[in-house]
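Observations on the three-dimensional arrangement
Read off the chains here:
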Amino acid sequence: MTLLMAFCDYVGNSIKDMVSAPRPSSPPVRRVTATKDEKENAMEYGLPSSHCLNTVCLSGYLLHYVLIYYPQRDGIAVATMLGLVFLLVMLIGVGRVYLGMHSLIDVMAGVGFGLVILSFWLTVHGYVDEFIISGQNVTSFWASMSFLLFFAYPNPEFPTPSFDYHTAFNGVAFGIVSGIQQTYNLFHHDSVPRVFSHQLPLAVFLGRILIGIPTILIVKFCSKAIAKWLLHILCNTLGIPIASSCYAPTTPKGSDTEHKQSVYLQKLVAIFPQKAYDVDTGIRFLQYAGLAWSVVDLVPSLFSYLDL
């Protein structure tokens, strides 16, 4: 589900920034944004609707999972579940139009792209799982693919937060893959205890919540701090000028720190264009990769140590 979400986010936001079709003009449309996140989301382009695209993919994939792994259902139950999925998608679409975030064309495009992505994912998800669980050089392959996806992302007509959202999901996907391929046979196989079963009663589940959630938040904070420190030192060592709007101090080209570096290291990076690189992308990627890794590797290891 998480990898599908990351895939939807990348494809949907890439199409948005490539097409660069604006949201409905406000005014005359009255756009409703009650929170800071909603105001930031409104800065993205409009086509396709990411909410509709993601809802189609995730609800459709969840429905597929239920029908495959719990097939003992009659036609009425299946029709009811299909009706609920259709109702959810329709309500999301109506809501996006009502809030002034999308036009009807944006919503229809989101549903259409969602159906295409869902069909593709249902075809390949088994191969993806098999590769992550038992493939060779999984982490290095995923790291390389994540790096390439950054450079393959299209440049929009005007800057939007879509690339930042992709960076976060890209980091989460990398963290989950790198953790799962190391610990699948320990913590994530089909025989692990199920929630609220006799193997995992409510008291143990609450203990996991009280220990797991704070651990994840601490790792997220530490990953961000380490990434800020590490990338800043690395760029200074290599003489690479950096720019940052959120996380790190800017190192302009030609600063005194560059002159203190070895000539050899500077020659290694001389092949790259001498411009200021946005270090925020790397910090955000490592921050969310650390968060996701803790969910599937560190926290389950901690549960095992504490007999939870």
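Just above, that's the structure.
Residues numbered from 1 in each chain as written. Predicted model: local features only at pLDDT ≥ 70, side-chain atom pairs only at ≥ 80, totals over all residues. Heavy atoms only, no water.

**Examining a nonpolar patch on the surface**
A contiguous nonpolar surface patch, about 650 Å² in accessible area, is contributed by Met-1, Leu-62, Tyr-65, Ile-68, Tyr-69 and Tyr-70. Here Leu-62 is to be found in helix α3 (residues 50-69). By relative accessible area, which is 46% here, Leu-62 ends up partly exposed. (Patch = residues over 30% accessible without salt bridge, like charges linked within 9 Å, V, L, I, M, F, W, Y side chains within 5 Å. Areas by Shrake-Rupley, 256 points an atom, 1.4 Å probe, with all protein chains shown as cover. Salt bridge = Lys/Arg side-chain N within 4 Å of Asp/Glu carboxyl O. Helix = DSSP H or I, 4+ residues; strand = E, 2+ residues; numbered from the N terminus. Buried < 20%, exposed > 50% of the residue type's maximum accessible area, 1.4 Å probe, protein only.)

**Structural notes on the packing of aromatic side chains**
Counted by the stated rule, this structure contains nine aromatic pairs. Three or more aromatic residues joined by ring pairs form one cluster here, namely Tyr-10, Phe-150, Tyr-153, Phe-163, Phe-174 and Phe-285. (Phe/Tyr/Trp six-rings, centres within 6.5 Å; stacked < 30°, edge-to-face > 60°.)

**So, the pattern of salt bridges**
Counted under the stated rule, the structure contains three salt bridges. Here Arg-23 ties to Glu-44 by a salt bridge, and the two come within 4.0 Å at their closest N and O atoms. Taken as a pair, Arg-23 in the loop between α1 (2-19) and α2 (36-41) and Glu-44 in the loop between α2 and α3 lie far apart in primary sequence, 21 residues in all. A salt bridge links Arg-284 to Asp-164, with the nearest nitrogen and oxygen atoms 3.2 Å apart. With a gap of 120 residues between them, Arg-284 in helix α11 (residues 280-305) and Asp-164 in helix α7 (residues 162-188) connect regions that are remote in the sequence. Each of the salt bridges in this network shares a partner with another, and the network as a whole consists of Lys-16, Arg-23 and Glu-44.

**Digging into unusual backbone geometry**
A cis amide bond, omega 0 degrees, links Leu-47 with the succeeding residue Pro-48. Mapped onto the secondary structure, Pro-48 falls in the loop between α2 and α3. Within the chain, Ser-20 stands out as a residue other than glycine whose phi angle is a positive 55 degrees. Assignment of secondary structure puts Ser-20 in the loop between α1 and α2. Accessibility expressed as a relative area gives 12% for Ser-20, which makes it buried. Here Asp-307, not a glycine, exhibits a phi torsion of approximately 60 degrees, which is positive. Summarising the element assignment, Asp-307 is placed in the segment after α11.

**With respect to the packing of α7 against α11**
At a minimum axis distance of 7 Å, the contact between α7 and α11 shows a crossing angle of 25 degrees. Put simply, α7 runs roughly parallel to α11. In the packing of α7 onto α11, the handedness of the crossing is right-handed. (Axes fitted to C-alpha atoms, helices over the stretch in contact; angles between N-to-C directions. Parallel < 35°, antiparallel > 145°, perpendicular 65-115°, else oblique. Left-handed = near helix turned anticlockwise from the far one by under 90°.)

**A short note on the packing of α3 against helix α4 (residues 75-98)**
Contact pair α3 / α4: the axes reach a minimum separation of 9 Å and the direction vectors enclose 170 degrees. As summarised for this structure, α3 and α4 are arranged roughly antiparallel, according to the angle between their axes. For the pair α3 and α4, the contacting residues are His-51, Cys-52, Thr-55, Val-56, Ser-59, Leu-63, Val-66 and Leu-67 in the first and Val-78, Met-81, Leu-82, Val-85, Leu-88, Val-89, Ile-92, Gly-93 and Arg-96 in the second. Of the residues assigned to the contact of α3 with α4, the class counts are twelve nonpolar, four polar and one charged. (Contact = heavy atoms within 4.5 Å. Nonpolar A, V, L, I, M, F, W, Y, C, P; charged D, E, K, R; others polar.)

**Focus: the side chain of Ser-59**
Note on placement: Ser-59 falls in helix α3. By relative accessible area, which is 13% here, Ser-59 ends up buried. Polar contacts involving the side chain of Ser-59 include one to the main-chain carbonyl oxygen of Thr-55, which spans 2.4 Å. (Polar contact = N/O pair within 3.5 Å; in protein donor to acceptor, adjacent residues only side chain to side chain.)

**Considering the side chain of Asn-170**
Along the chain, the position of Asn-170 falls in helix α7. Once you skip the residues sitting within four places of it in the chain, Asn-170 turns out to touch Ser-146, Leu-149, Phe-150 and Phe-285.

**A short note on helix α8 (residues 202-238)**
Given a rise of 1.5 Å per residue, 37 residues ought to cover 54 Å, and the 52 Å separating the end C-alpha atoms of α8 matches this to within 8%. Gly-207, Gly-212, Thr-215, Ile-216, Val-219, Ser-223, Ala-227, Leu-231, His-232, Cys-235, Asn-236 and Leu-238 are the residues of α8 that are buried. A positive phi of about 70 degrees marks Gly-239, the residue just after α8. (Expected span 1.5 Å × (residues − 1).)

**Comments concerning the nonpolar core**
Core analysis: the largest hydrophobic core is formed by 27 residues, its most contacted members being Leu-3, Leu-4, Cys-57, Ile-132 and Trp-142. Mapped onto this core, the elements with two or more residues apiece are α1, α3, α5 (104-134), α6 (138-152), α7 and α11. Ignoring sequence-local partners within four residues, the contact set of Leu-4 consists of Cys-57, Leu-58, Tyr-61, Ile-117 and Trp-121. (Core = buried A, V, L, I, M, F, W, Y, C linked by side-chain atoms within 4.5 Å.)

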